[in-house]
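Summary of structural features
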Amino acid sequence: DSGVTQTPKHLITATGQRVTLRCSPRSGDLSVYWYQQSLDQGLQFLIQYYNGEERAKGNILERFSAQQFPDLHSELNLSSLELGDSALYFCASSVGTADDLTEAFFGQGTRLTVV
Amino acid sequence: QKEVEQDPGPLSVPEGAIVSLNCTYSNSAFQYFMWYRQYSRKGPELLMYTYSSGNKEDGRFTAQVDKSSKYISLFIRDSQPSDSATYLCAMSENSSASKIIFGSGTRLSIRP
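Here is what the cut-offs are and how they apply
Residues numbered from 1 in each chain as written. Chains lettered and ligands numbered in written order. Predicted model: local features only at pLDDT ≥ 70, side-chain atom pairs only at ≥ 80, totals over all residues. Heavy atoms only, no water. Core = buried A, V, L, I, M, F, W, Y, C linked by side-chain atoms within 4.5 Å. Buried < 20%, exposed > 50% of the residue type's maximum accessible area, 1.4 Å probe, protein only. Helix = DSSP H or I, 4+ residues; strand = E, 2+ residues; numbered from the N terminus. Disulfide = S-S within 2.5 Å. Pairing = 2+ DSSP bridges. Axes fitted to C-alpha atoms, helices over the stretch in contact; angles between N-to-C directions.

Turning next to the nonpolar core. Counting residues in hydrophobic clusters, the biggest one holds 23 residues, and the most contacted among them are B:Trp35, B:Ile72, B:Leu74, B:Tyr87 and B:Met91. Elements supplying a minimum of two residues to this core: strand 3 (19-25), strand 4 (32-38), strand 5 (45-51), strand 7 (61-66), strand 8 (71-76), strand 9 (85-92) and strand 11 (106-111) of chain B. If you look at the next biggest cluster of nonpolar residues, it comprises 20 residues, including A:Leu21, A:Phe64, A:Ala87 and A:Cys91.

Okay, structure coming up:
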């Protein structure tokens, strides 16, 4: 167990809907990263937050947004869902200020299925 | 052409065999090279990372980087059924999460 908690584990929703994925980082970790893993694209970086502030942004669609709250948990909001958004969404966390992934631990992921 | 290429497998070998997993890449600026292990229904877990060229050993695992050939390898000695997982290579010019490019992963199965 990495100590990073993601909920829900599975989510099935219809096209056009909006969902929220939640991540609780390891105790003491200030950085949260979000990744999307699909069969055709592999693991892709979406966005990073550090202590409530956006730190780095990847190829995150405009329909997606994220935030990190004062208690350091983070939420990834996906709206106007399309079939192609079906994927595993992972959260990772690390303690440091730099976005050094070698120091990060991944959660178990949320499997999103859009039908 | 993808920046990082990895054979998806699946690769099936008998217990005790030496396993060789490989990735090729096109960006000569890559300096950090990582291997992740991902069990089914779990998140990726960092196994090893190396900076620049050379070898790094950790127990039964050896990571090798050949920058001249743009080729990296992960060797697993005395493979165990518990090594059955998907192995992802990843690389970057630095270890910054936002810049790391992942391979698509190789599914490995170790037969008892």
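Before going further, it helps to examine the state of the cysteines. Residues and elements named next belong to chain B. Evaluation of the coordinates by the stated rule reveals two disulfides over all chains. Between the sulfur atoms of Cys23 and its disulfide mate Cys89 the distance is 2.0 Å. Judged by the sign of its S-S torsion, about -100 degrees, the bond between Cys23 and Cys89 is left-handed. Of the two residues, Cys23 sits in strand 3 while Cys89 sits in strand 9, which places them 66 residues apart along the sequence. Among the residues examined, Cys23 registers a relative accessible area of 1% and is labelled buried. The exposure class of Cys89 is buried, given its relative accessible area of 0%.

All names here are of chain A. The four strands lie next to each other as 1-3-8-7, forming an open sheet whose pairing is antiparallel. Of all strands in the sheet, those bounded by a partner on one side alone are strand 1 (5-7) and strand 7 (64-68). Each strand axis lies, on average, 15 degrees off the axis of its neighbour in the sheet, ignoring direction. Examined bridge by bridge, strand 1 and strand 3 (residues 19-24) share three bridges and lie antiparallel to one another. For Thr7, the partnering residue across the bridge sits in strand 3 and is Arg22.

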